[in-house]
Amino acid sequence: MPSLPPGQNPVPDGRQSRKAPERILITGGAGFIGSHLCRRLLGDGHEVLCLDNFSTGERGNIEELLSNRSFHLIEHDIIHPLRLEVDRIYNLACPASPVHYQRDPVRTTKVSVLGAINVLELARELKVPVLQASTSEVYGDPSVHPQVESYWGNVNPIGRRACYDEGKRCAEALFFDYHRQYGVQIKVCRLFNTYGPRMHPQDGRVVSNFLVQAMRGQPITIYGRGVQTRSFCYVDDMVEGLVRMMQTDPPVVGPVNLGNPQEFTIFELVNVILELTGSSSRIVFHPLPEDDPKQRRPDIALAQQLLGWHPCISLREGLEKTAAYFEQRLRHGAVHGFRPERGLQTARVPPSTDSGFQTTVPNSIEGGKDETRIHIFGDSDFGPCHDGVRKARGGAPDSPGACGAASGCAGAGNRAP
Ligand SMILES: NC(=O)c1ccc[n+]([C@@H]2O[C@H](COP(=O)([O-])OP(=O)(O)OC[C@H]3O[C@@H](n4cnc5c(N)ncnc54)[C@H](O)[C@@H]3O)[C@@H](O)[C@H]2O)c1
């Protein structure tokens, strides 16, 4: 389907947000997609509050942003209520790969469900839009192909993936109930497989797995016979879609699929990676994990129509950029064994006053010298709040946007499909 002509497009260019600087909260901002979104929004001239508990995200993903005066890091666990002054909220906080979300499945459900309630309560109180990063996993092992938003899915509610799939489904239900019941401005996006630099190298997802194995000359592990299909969306394209969705008019609530409709078998993906890396790794086959979907491909007609969006980065181009990232990490020895979950260590800072708790937000990685204090008000445990967020200092962003300039894509909707 062709893109809408610019005049009819509710979001003709995702970069129009540059005109009106806002204060934007990104939960899960230190994760793979979140860290790209942080850069993109800083590049667009916004002030970014990156909230994360570093359970699956890495500090290295946002380290270079800590010196940016428009960037603020808040270490907080989204399962606890939060109170901040912001103009928009992107809710990305959630472990996203099976190896991460199955490690503590009860907690995974809490992150999706309680996290959704907490960001929705904040959006309700502030009367600001909130975007939910939902997932193609809400379709389960789909019997409709490609997946359209009207399809209700085929999810095993008691399987090992249910903590993630059903958690995200419940979060979607909450978003729509807060919208209907309280009039909260919601934007629900269903993200399909996304890949790119700053993916966690040990997250068990096919792209990172295959690239790291190929580069190390290790056997490539294919689960099943490799005939199951996936579609892979480069992260710059995904971020562009999220930004465009956020900028739609209030009646646009979703759900809207975001992903790359080009479909590849796992075997095809392996072949491209082997060719690209020049690796002579052999292939070994393992049994398919429980409830692994056999086919996955988004129908993105709605995203094209509403957002004028479609992916513009080819698998090969995206894999080249991702391979360069992993190569650098491997060269610096930064791909080691599996990092243990650190979520429980993360700051729920004890009450600092009679009414709330506060987090110190260092603007440099060492902290201490140059810091902004951001108050996160307490929930009922801590009594009523009394204070506001101290407005962070202004200052020009020093980070380029992720999409557009970086990728040469001036906005997916501006290109012919
Ligand atoms: N990457 C994909 O292919 C994909 C596909 C569909 C949906 N999504 C969704 O997009 C979002 C981002 O995914 P990603 O691939 O960047 O994953 P990621 O694991 O790299 O990022 C998630 C971030 O959330 C943080 N986090 C987790 N639990 C938290 C908590 N309780 N409190 C605060 N922060 C917490 C993690 O530390 C991490 O930084 C997730 O919600 C995921 O479900 C991703």
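Quantities reported herein were computed from a predicted structural model and do not represent experimental measurements. (Residues numbered from 1 in each chain as written. Predicted model: local features only at pLDDT ≥ 70, side-chain atom pairs only at ≥ 80, totals over all residues.)

With that out of the way, let us pick up the pairing of strand S4 (residues 88-91). Side-chain alternation along S4 places Arg88 and Tyr90 on one buried face and Ile89 and Asn91 on a second face that is also buried. Note: strand S1 (residues 23-27) against S4, 4 bridges, orientation parallel. Bridge assignment links Leu25 to a residue of S4, and that residue is Ile89. (Buried ≥ 20, exposed ≤ 12 C-beta atoms within 10 Å, placed from the backbone. Helix = DSSP H or I, 4+ residues; strand = E, 2+ residues; numbered from the N terminus. Pairing = 2+ DSSP bridges.)

Let's shift gears to the pairing of strand S6 (residues 186-191). Among the 6 residues that make up S6, 6 are buried, leaving the element largely enclosed by the rest of the structure. Neither face of S6 is left uncovered, since the one carrying Ile186, Val188 and Arg190 and the one carrying Lys187, Cys189 and Leu191 both have all their residues buried. In the sheet, strand S5 (residues 130-135) pairs with S6 via 6 bridges, with the strands oriented parallel. Following the sheet pairing, Leu131 is matched in S6 by Lys187. Remark: the S5/helix H4 (residues 162-182)/S6 crossover connection has right-handed handedness. Relative to strand S11 (residues 256-258), S6 runs parallel, the two sharing 3 bridges. The residue bridging Leu191 from the neighbouring strand is Leu258, located in S11. (Right-handed = clockwise from strand over helix to strand, strands pointing away.)

Quick look at the site of the ligand now. The environment of the ligand is made up of 29 residues, and the closest members are Gly28, Gly31, Thr56, Gly57 and Ala96. Every element with two or more residues in the shell around the ligand is listed here: helix H1 (32-43) and S5. Sorting elements by how many residues they give to the shell around the ligand places H1 first, with 3 residues. The residue makeup of the shell around the ligand, split by class, is 14 nonpolar, 13 polar and 2 charged. (Near = placed C-beta within 6 Å. Nonpolar A, V, L, I, M, F, W, Y, C, P; charged D, E, K, R; others polar.)

So, about the packing of helix H5 (residues 206-216) against helix H9 (residues 315-331). At a minimum axis separation of 10 Å, H5 and H9 run at an interaxial angle of 55°. In terms of orientation, H5 lies oblique with respect to H9. Pair H5 / H9 crosses with right-handed handedness. Only Thr322, Ala323, Phe326, Glu327 and Leu330 of H9 make contact with H5, whose side of the interface consists of Val207, Leu211, Val212 and Met215. (Axes fitted to C-alpha atoms, helices over the stretch in contact; angles between N-to-C directions. Parallel < 35°, antiparallel > 145°, perpendicular 65-115°, else oblique. Left-handed = near helix turned anticlockwise from the far one by under 90°. Contact = placed C-beta atoms within 7 Å.)

As far as function goes, none of this settles anything; it's purely spatial.
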